[in-house]
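Structure at a glance
Below are the chains, spelled out letter by letter.
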Amino acid sequence: MPLLKRKPFSLSERPDDLKSDELVFQIRFTKEIFRDYREYLQRINLYRQRVWTCKSTGKGNLTYEEALVSEKQAIEKVQQFPKELMEPVLRDVQFSMLPLRDLVTSISAKLKERLLEGTEIYGRKNNRIYPCKIVKVIDEEVEKTQYQVAWLDKDKKVTENAVVSGDDLIKRKLPFSRDVLKSFIRESTYRSAPWVLHDKLAQKYGISTNLPEELRDKISPKRKLSKKDQEANNGERKRKKLKNDEEIENDVPIKYPIDDLLVRPAADDPVFTTRPPPTRDFKVPMECVGDLLMIWDFCCSYSRLLNLSPFSLDDFENAICHKDSNVVLIVESYSALLRLLIKDDGDYFVALQKKKRKAKISLVTWTDYMCDFLELAGNEELSTHITTIKRGHYGILAIHAKLAIFAQLVNEVLACNVMREKLDEYIEERKALAAEKRGEALEQGRMRREIKEMAKGTSNGVEHNGDASKKPAEKKHTSENSGKKQGNTSEKEANKVKVGAEVTVTSNKDSAAKGSKKSMDTEKNKTEDITNIQQRKEYLDREMEKRFIRTNPLGKDRDYNRYWYFRKEARIFVESCDHKQWGYYATKPEVDALMGSLNEKGEREKALKQQLEKRYNKISGEMQKKSKEAQRIQMEEEAALRRSSRVRAPPRDNPARAFLKYANKLKED
């Protein structure tokens, strides 16, 4: 178990009277159960502090969970420790008084110097190297240990036996690292001064557990207690330990942010605004909103690659709901996706070649190409709509069927080679732009530091010059006093001193002014450089935004609802945690209220608020722009209604039918 400040820590015991239907708080990695929320929060906050130490490796500054992982990994390594080396290592460890580092060094050197029976290595014979096996270690009263070895052939069969010295054997590197040996020693012992093996481990390898005579004087013997005294001692020790653990927990304050569901109202909380309910006035069924947003975002984000002019989400939604079969916006979107599949020269292109289709898709023939794609896709549900589309009745298909066809087509485009190559290109370009942006940020920081140092140096220079200008005056005062005392200084000499002092002060002022002007010019140049770097940074941001990869959610709230912001739509969309409900915020006051309702003590809501603050200016600006445009249109409509009936005004366009005027200006001829 992990150590708290290098001391053992006991887990909380499970309540005895726990009921099966009782609501409790459980810690995931320790399985501890708490009835009181405050106690649970204090304990889990303690586990998140970097005050824990891995018992196996001695590594500190860890959280409890990190220490558990470290112990698990160390135990896995210890289990791989060579079994033939366990007994000699444990014998050297038992009752050793060496520090761990010195003990590991001593054991490693001993294992390298002396080989064990049964070890297969290489040895020198007749000036050549042959494989051999240690049969016996000969302890003779000589300076170097000798070994009886069996020489082996290619099939590892014994050819002959011989006695060789250690110098004739090529020693291998130890099959474990120093860290593994340290972990093995820690796992095998329960005491370190001296090192004492666990009783079961000592009995397994026949190692004595009796303290050597030479150590009995160094270690004070403990008085043997009766069983009753031992139980009383253990109980008292346990109570003290629990008391110390509670004191440690109470001393550690709650460190926010924590999981949002664990946050409870507190006295120091700010005044939160009421979160406004999102608007849900979609024209498509609620279960289709996710597909609608995905398809629209893909078509608009990769409009250049698709040769498809971007369109608004409202226009796309109205076009999908329209019953006409040849809506230009829908036809052009399908055609752009199909053209990219044809360029890919994949299965779809081969299928068209077999049917001798032309590469040009028109308003008349687009349904044939669409049906060819649906036949190739092999989706049984979508294949049922082929007959309806061939008859020219695409418009009467259900909305979920239209979006399902779109989604299938977008997925095929994403998997094609043309799209993958473009994405790889964008990824590399974004990496280069990000590296350049980091360099610009470092340069900007360096220039700001230089400006601060220059400003500090200028202020110090002004103070120095001011002190220098005082010195001639002091000299003048001294000279005049001395003249009065001695009576030998003439009025003419006094005037000379006065004039000299004035000249010195004037020259100091001029030099200070020149230095100040020079520093101001340098500071101005540095400020201009910082402005240029800032402009460059904004340019790099715009370039990175052009190389779009995918849209990620802004974040999640307390209840795991996800928030989305799309680049070309002035709304924040809200997706429920079960992906069944969608809504949106379309005005600046709604966004302000949303941000004011987020509790930064929670991990998810803090991250969401940070993303909203980062994009706040852009989002609110787009929303205000869209709101002003809607107000302008409304005012024009009201003005037209107030116009005199004698003046016959032309009929105004309905914004809901604006999608009918769509034209693809990026279409290839």
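Residues numbered from 1 in each chain as written. Predicted model: local features only at pLDDT ≥ 70, side-chain atom pairs only at ≥ 80, totals over all residues. Heavy atoms only, no water.

**Observations concerning the overall build of the protein**
Along the protein, the regular secondary structure elements total 22 helices and 16 strands. Burial status across the protein gives 35% buried among its 669 residues. Counting only contacts in the protein whose residues sit at least 6 apart along the sequence, the fraction spanning at least 24 positions is 59%. In the form shown here, the protein has an accessible surface area of approximately 42900 Å², with 50% of it arising from carbon and sulfur atoms. (Helix = DSSP H or I, 4+ residues; strand = E, 2+ residues; numbered from the N terminus. Buried < 20%, exposed > 50% of the residue type's maximum accessible area, 1.4 Å probe, protein only. Contact = heavy atoms within 4.5 Å. Areas by Shrake-Rupley, 256 points an atom, 1.4 Å probe, with all protein chains shown as cover.)

**Thoughts on the packing of helix 12 (residues 328-343) against helix 13 (residues 347-354)**
Between helix 12 and helix 13, the shortest axis-to-axis distance is 7 Å and the interhelical angle comes to 90°. By the angle between their directions, the pair helix 12 and helix 13 is classed as roughly perpendicular. On helix 13, the residues touching Leu-338, Leu-341 and Ile-342 of helix 12 are Tyr-348, Phe-349 and Leu-352. When the residues that make up the contact of helix 12 with helix 13 are grouped by side-chain class, the tally is six nonpolar, no polar and no charged. (Axes fitted to C-alpha atoms, helices over the stretch in contact; angles between N-to-C directions. Parallel < 35°, antiparallel > 145°, perpendicular 65-115°, else oblique. Nonpolar A, V, L, I, M, F, W, Y, C, P; charged D, E, K, R; others polar.)

**A look at the sheet that holds strand 2 (residues 7-8)**
Taken in spatial order, the three strands line up as 2-1-5 in an open sheet, and their pairing is antiparallel. At either end of the open sheet lies a strand with only one pairing partner, and these are strand 2 and strand 5 (52-53). With two bridges joining them, strand 1 (residues 3-4) and strand 2 adopt antiparallel strand pairing. Directly across from Leu-4, in strand 2, lies its bridge partner Lys-7. (Pairing = 2+ DSSP bridges.)

**Brief notes about the nonpolar core**
Phe-316 and Ile-330 are the most contacted members of the largest nonpolar core, which has 66 residues in total. Among the elements that make up this core, the one with the highest residue count is helix 12 (10 residues). Other than its neighbours up to four places away in sequence, Ile-330 contacts Phe-316, Ala-319, Ile-320, Tyr-394 and Phe-406. With 23 residues, the next largest nonpolar core counts Val-78, Leu-103, Phe-184 and Tyr-205 among its residues. (Core = buried A, V, L, I, M, F, W, Y, C linked by side-chain atoms within 4.5 Å.)

**So, a positive patch on the surface**
A cluster of like positive charges, contributed by Arg-101, Lys-112, Lys-173 and Arg-178, occupies part of the molecular surface. Secondary-structure assignment places Arg-178 in helix 5 (residues 178-188). (Patch = residues over 30% accessible without salt bridge, like charges linked within 9 Å, V, L, I, M, F, W, Y side chains within 5 Å. Salt bridge = Lys/Arg side-chain N within 4 Å of Asp/Glu carboxyl O. Lys, Arg positive; Asp, Glu negative; His and termini not counted. Charge placed at Lys NZ, Arg CZ, Asp CG, Glu CD.)

**Examining the pattern of salt bridges**
Within this structure, the stated rule accounts for 33 salt bridges. Close ionic contact of Lys-588 with Asp-592 constitutes a salt bridge, the shortest N to O distance being 3.3 Å. With Lys-588 and Asp-592 both in helix 20 (residues 588-596) and four residues apart, this pair spans about one turn of that helix. Owing to a relative accessible area of 25%, Lys-588 belongs among the partly exposed residues under this scheme. Given a relative accessible area of 30%, Asp-592 falls into the partly exposed group. A salt bridge links Glu-600 to Lys-609; the shortest N-O distance between them is 3.6 Å. One salt-bridge network, in which partners are shared between bridges, spans Lys-355, Arg-357, Asp-372, Glu-375 and Lys-390.

**Remarks on empty space enclosed by the protein**
Rolled over the atoms, a probe sized like a water molecule indicates the empty space that remains. What the rule picks out here adds up to three cavities of 30 Å³ or more. Estimated volume of the largest cavity: approximately 70 Å³. Around the largest cavity, the lining residues are Leu-305, Leu-306, Asn-307, Ala-336, Arg-339, Leu-340, Lys-343, Lys-667 and Glu-668. Secondary structure elements with two or more residues in the lining of the largest cavity: helix 10 (303-306) and helix 12. With four residues, the single largest contributor to the lining of the largest cavity is helix 12. Residue composition of the lining of the largest cavity, grouped by class: four nonpolar, one polar and four charged. (1 Å grid on protein atoms, 1.4 Å probe; cavity = no way out; pocket = protein on both sides within 12 Å on 5 of 7 lines; lining within 4 Å. Points joined across faces, edges and corners; volume = space filled by probe spheres on them.)

**Notes on the packing of aromatic side chains**
Inspection of the entire model under this criterion finds 26 aromatic pairs. Arranged with centres 5.2 Å apart and planes meeting at 50°, the rings of Phe-298 and Tyr-302 form a pair that is tilted. As far as burial versus exposure is concerned, Phe-298 and Tyr-302 are alike and both buried. Site record: aromatic cluster; members linked through ring pairs are Phe-311, Phe-316, Tyr-334, Trp-366, Tyr-394, Phe-406 and Tyr-662. The positively charged end of Lys-125 is found above the aromatic ring belonging to Tyr-130, 4.9 Å away from the centroid. Seen from the ring of Tyr-37, Arg-264 lies directly overhead, with NZ or CZ sitting 4.4 Å from the centre. (Phe/Tyr/Trp six-rings, centres within 6.5 Å; stacked < 30°, edge-to-face > 60°. Lys NZ or Arg CZ within 6 Å of the ring centre and 35° of its normal.)

**Some thoughts on unusual backbone geometry**
With a phi close to 60°, Asn-127 is a non-glycine residue in the positive phi region. Looking at the secondary structure, you find Asn-127 in the loop between strand 6 (120-125) and strand 7 (128-138).

**Quick notes on the pairing of strand 11 (residues 189-192)**
With three bridges connecting them, strand 11 and strand 12 (residues 195-197) associate as antiparallel partners. Counted as the bridge partner of Ser-192 is Trp-195 from strand 12. In sequence, strand 11 turns back onto strand 12 through a hairpin of two residues.

**So, the pairing of strand 16 (residues 582-585)**
The two faces of strand 16 match: Trp-582 and Tyr-584 on one face and Gly-583 and Tyr-585 on the other face are all buried. Bridging between strand 15 (residues 572-575) and strand 16 involves four bridges; their strand directions are antiparallel. Considered in strand 16, the bridge of Phe-573 is made with Tyr-584. The turn linking strand 15 back onto strand 16 is made up of six residues, and His-579 within it adopts a positive phi angle of 65°.

**Let's talk about the side chain of Ser-309**
Looking at the element boundaries, Ser-309 is found in the loop between helix 10 and helix 11 (313-321). Within polar-contact distance, the side chain of Ser-309 engages the backbone nitrogen of Leu-666 at 3.3 Å. (Polar contact = N/O pair within 3.5 Å; in protein donor to acceptor, adjacent residues only side chain to side chain.)

**Let's talk about the environment of Glu-443**
Turning to its location among the elements, Glu-443 is positioned in helix 18 (residues 417-486). Taking the C-alpha atoms as reference points, Glu-443 and Ile-533, separated by 90 residues in sequence, lie 8.1 Å from one another. Polar side-chain contacts of Glu-443 include one of 2.3 Å to the side chain of Arg-446.

**Remarks on the packing of helix 3 (residues 83-93) against helix 4 (residues 100-113)**
The geometry of helix 3 relative to helix 4 is characterised by a closest axis approach of 11 Å and an angle of 135° between their N-to-C directions. On the basis of their axis angle, the class for helix 3 and helix 4 is oblique. Crossing of helix 3 against helix 4: the hand is right-handed. Facing helix 3, whose interface residues are Leu-85, Val-89, Asp-92 and Val-93, helix 4 presents Leu-103, Ile-107, Lys-110 and Leu-111. (Left-handed = near helix turned anticlockwise from the far one by under 90°.)

**A few points about the environment of Leu-18**
By secondary structure assignment, the location of Leu-18 is in the loop between strand 2 and strand 3 (25-26). In this structure, the C-alpha to C-alpha distance between Leu-18 and Arg-35, residues 17 residues apart in sequence, is 9.3 Å. Setting aside residues up to four positions removed in sequence, Leu-18 forms contacts with Val-24, Ile-33 and Arg-35.

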